[in-house]
Amino acid sequence: MTDSIVNFPSQAVSDLEKLSDDYGLKVAKAIKQEWFDGNNNKFNTNHNTFHRLRLYARGEQDVKKYKNELSINGDLSYLNLDWKPVPIIPKFVDIVVNGMAQRNYEISCFSQDEFGVSKRTEYMESMLRDMRAKEFNNAAKANFDLNLYENDPETLPDTEEELKLHMQLSYKQAVELAEEQAVNTLLEASDYDLVRRRCLYDLTTLGIAATKTTFDWNDGAKSKYVDPANLVYSYTESPYFEDVYYVGEIKEIPINELVKEFEHLIESEVEEIVSKSRGNVYSSVRKREDDKNKIQVLYFNFKTHMNSVYKLKKTATGGEKIIEKDDSFNPPVESMDGEFRKLDRVVECLYEGAFVIGCQKLLKWQMAPNMMRSDSDFGTVKMNYQIVAPRMYEGRIESLVGRITGFADMIQLTHLKLQQVMARMVPDGVFLDADGLAEIDLGNGTNYNPQEALNMFFQTGSVIGRSFTSEGDMNPAKVPIQQIQNGVGGNKMQSLIQTYNYYLQMIRDVTGLNEARDGSMPDKNALVGVQKLAAANSNTATRHILQSMLFLTAEAAECLSLRISDIIEYSPTREAFINAIGAHNVATLEEMKNLHLYDFGIFIELLPDEEEKQILENNIQMALQQKTLDLDDAIDLRDVRNVKLANQMLKIKRKKKMERDQQMQQQNMQAQAQSNQQAQQAAAQMEAQKIQVKTQADIQLEQTKNQLQSEYLQNEVAAKKELMQFEFDLNSQTKQMEMQSKSADEATREDRKDQRVDKQAAYQKEMIDQRKQGDSLNNFESSGNDILTGGANMEKFSRT
């Protein structure tokens, strides 16, 4: 970095001077002085640093430092090692980049202009009116068949909390949907998914990432990748680079593209550029053979201010007319007749430039023709570059790979030391004492020679020795064969392996990328929840990289949104662009034509990862098990991609379910009570009907009895009449018979009396005769029993 003072031209000059090529050349030379002058310049330093980090991230770092560490005075002739670096860092880089690249997101556009806000407010107020007049509207519908609702009553929220959630989840203006679709279409046309992956790799490896929004009348708006090693920018301490006043990049472009892009260049100027741009600073940084067909050009944006001056003139009809003027317009404070006066304001503006560093040739300097301004903040302007460096302090950038390069070096040295130890290790041997073997007699007349001793030792593991010599002295070589343990190399290897694991664990500790993040060494004794918690903690350690990428995406989407207004309002490809968007949704065609009249806020909604989805699913399952949530509500909850809103919706759904269940329970109780009451009424009615039926039956029975009794009495009367008639007839007959009997009795009595008289006369005559004869005779007359008193009467046989 150079310590010389950078001389940027003063910004307190007129707009006409700022538009001059001389002013642009001064700006370009000042940028060159700050970044490219001197041997150890900022551009060279940054480029070499980023190049070194990228080699580490690929596992291709320079091995010269390791050779210097292991060589003896630069001599490597005794070392036969594999110097290829151990690719430890690439694994951790891939874990971070691939894990974040699969995190999906959604771009949400909200109309924040006055018209869009008024439509949203009007819709919300109409919902509130329907909510507050719900009972009255229902009564009007039921009684008079009048629909007083302004919205669909089926989707009407019950509380204001539900209304807020409804506005966040369900409410979308057609113009907002059209804007979202347009932004997504432009991102797809820019292959932004690939750009995003490259930016994630840069954030992990270099600690900085950048994109650029371009606009071309033919290709439209696009978001492109920018290599951070080629960036130049003004000094800033902000990780989001919002306060930089210039930013640019070095690009290598072929000469034919140079001539095509800058058509004003003549042949002599092209030859001058080609001849003088050889061997510039940029080429020396590359450290490769120069391509004579390419030129290094600095493209840059320079932010300054401009004075918007207008002349306010009164017309003859009494109206006012505004005429745009340059900042040199300076009328008297008060004109003589008061017919005109000056209106001015200061706004930011952006200049674009292109500069060939080698020959210091300014190729382009102009005010940006279509600056990106938000209608809500028209005084500020956005640059074409979007840059983020989440861990920057005082201009120094720190990255995940930069934290662990030292440990990666130690791992590589440990790996090389392991190779050395393995190369110098020898197998275990044996020590044989020849003098001890000479004192041994096998008893068969032969001596124990060394060859036989070794054969016996290696085949059987047995050794023959003597405690005393043949002369009776103590034999110091009573064990003539002893094994030599060469275990020194094994101890060194174990120590080096422990060192290797130590530095590997240091990398995990420094980065926060533990074993649970990639599942490489899961603990068999650890619970699944503990593993997930460790993985979640690892995600937290790298959250700043993901948030930085979301910031870049939001900035790119906002810039494309502002470019959409330019396309629709100015670009000749306007109809083609509208039709390309409308091909997916014809209903947005009319809204698309008016997009330039709106001002949108761009928000990035990060879709939940598997862990967050699982937590939400657990909450849903628990609510389903407790029967505080319906299956239909669970399906709707799973479709909500924002976990925070999904949890809020879950609480509301559970509350409504509990209220519905309570209401249903009360309805069931009322229905049960009503049913019981109806059952009691039915029982009482049945009992009354039973009594009534019984009463009617009794009455009918009594009537039948009475009728039968009457008929019986009538029959009895008739029978009595017949009986009486029969009795009368019988009595008559009896009387007649009695009379006849009396007559017969009288006749009989008279006849008997006559007979008795005759008998008495005959008896007396007989008696007289007997007396006369003298024989005693017996008297056979009854004494009064033969007299019927009252005559023969049949009354005792009559029926009472």
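Residues numbered from 1 in each chain as written. Predicted model: local features only at pLDDT ≥ 70, side-chain atom pairs only at ≥ 80, totals over all residues. Heavy atoms only, no water.

1. As for the pairing of strand S2 (residues 209-216)
- Within S2, seven of the eight residues are buried, which leaves it mostly tucked inside the rest of the structure.
- Of the strand pairs in this sheet, S2 and strand S12 (residues 385-388) are connected by four bridges, and their pairing is antiparallel. Bridging from a neighbouring strand, lysine 212 pairs with tyrosine 385 of S12.
- As judged from the seven bridges shared by S2 and strand S3 (residues 220-226), these two strands associate in the antiparallel manner. Its bridge partner lying in S3, threonine 214 is registered against lysine 222. (Buried < 20%, exposed > 50% of the residue type's maximum accessible area, 1.4 Å probe, protein only. Helix = DSSP H or I, 4+ residues; strand = E, 2+ residues; numbered from the N terminus. Pairing = 2+ DSSP bridges.)

2. Quick look at the nonpolar core
- Core analysis: the biggest nonpolar cluster contains 118 residues, and Leu258, Val297 and Leu363 have the highest contact counts within it.
- Looking at this core, the element that brings in the most residues is helix H20 (residues 543-569), giving 12 residues.
- Beyond its immediate chain neighbours, meaning those up to four positions away, leucine 258 contacts Ile253, Leu265, Ile273, Ile295, Val297 and Leu363. (Core = buried A, V, L, I, M, F, W, Y, C linked by side-chain atoms within 4.5 Å. Contact = heavy atoms within 4.5 Å.)

3. Some remarks on the environment of aspartate 152
- Inspection of the secondary structure puts aspartate 152 in the loop between helix H7 (134-144) and helix H8 (160-169).
- Separated by 25 residues in the primary sequence, aspartate 152 and methionine 127 place their C-alpha atoms 9.4 Å from one another.

4. Considering the packing of aromatic side chains
- Applying the stated rule across the entire model yields 15 aromatic pairs.
- Note on phenylalanine 8 and tyrosine 245: the rings are 5.6 Å apart at their centroids and 80° apart in plane angle, and the pair reads as edge-to-face. Of this pair, phenylalanine 8 sits in the segment before helix H1 (15-18) while tyrosine 245 sits in the loop between strand S4 (231-233) and strand S5 (246-254), and the two are 237 residues apart along the sequence.
- Centroid distance tyrosine 245 to tyrosine 246: 5.3 Å. Interplanar angle 70°. Geometry classified as edge-to-face.
- Judged by relative accessible area, tyrosine 246 falls into the buried class, the value being 0%.
- Aromatic rings pair up to connect Phe8, Tyr23, Tyr245, Tyr246, Phe300, Phe302, Tyr351 and Trp365 into one cluster.
- Just above the ring of tyrosine 225 sits the side chain of arginine 198; from NZ or CZ to the centre is 3.7 Å.
- Lying across the ring of tyrosine 299, lysine 251 places its NZ or CZ 5.4 Å from the centre. (Phe/Tyr/Trp six-rings, centres within 6.5 Å; stacked < 30°, edge-to-face > 60°. Lys NZ or Arg CZ within 6 Å of the ring centre and 35° of its normal.)

5. Some words on helix H3 (residues 42-58)
- The end-to-end C-alpha separation of H3 is 24 Å, in line with the 24 Å expected for 17 residues at 1.5 Å each.
- Among the residues of H3, those classed as buried are Lys42, Phe43, Asn44, His47, Phe50, Leu53, Tyr56 and Ala57.
- Two or three places before phenylalanine 43, at the opening of H3, asparagine 41 has a side-chain oxygen 3.3 Å from that residue's backbone nitrogen.
- Backbone geometry just after H3 places glycine 59 at a positive phi near 70°. (Expected span 1.5 Å × (residues − 1). Polar contact = N/O pair within 3.5 Å; in protein donor to acceptor, adjacent residues only side chain to side chain.)

6. So, the layout of surface pockets
- One number sums up the size of the largest pocket: a volume of about 1200 Å³.
- Contributing to the lining of the largest pocket are 39 residues, with Lys212, Thr214, Glu261, Tyr299 and Lys364 lying nearest its centre.
- Mapped onto the lining of the largest pocket, the elements with two or more residues apiece are S2, S3, S5, helix H11 (255-261), helix H13 (281-286), strand S6 (294-314), strand S8 (340-356) and strand S9 (361-367).
- Residues belonging to the lining of the largest pocket are distributed by class as follows: 12 nonpolar, 10 polar and 17 charged. (1 Å grid on protein atoms, 1.4 Å probe; cavity = no way out; pocket = protein on both sides within 12 Å on 5 of 7 lines; lining within 4 Å. Points joined across faces, edges and corners; volume = space filled by probe spheres on them. Nonpolar A, V, L, I, M, F, W, Y, C, P; charged D, E, K, R; others polar.)

7. Quick word on the confidence of the model for the protein
- Mean pLDDT over the protein stands at 77; residues scoring 70 or higher make up 78%.
- Confidence drops under pLDDT 50 across residues 521-537; counting only partners more than four residues distant or on other chains, this segment forms 12 contacts.
- Across residues 796-800 the pLDDT falls below 50, and counting only partners more than four positions away or on other chains, this stretch makes two contacts in the model. (pLDDT = per-residue confidence, 0-100.)

8. A look at unusual backbone geometry
- Of note, the phi angle at aspartate 145 is positive, near 55°, even though the residue is not glycine.
- Relative to the helices and strands, aspartate 145 is located in the loop between H7 and H8.
- Positioned with a positive phi, phenylalanine 241 is a non-glycine residue whose angle comes to about 55°.
- Within the secondary structure, phenylalanine 241 is located in the loop between S4 and S5.
- Given the relative accessible area of 6%, phenylalanine 241 is considered buried.

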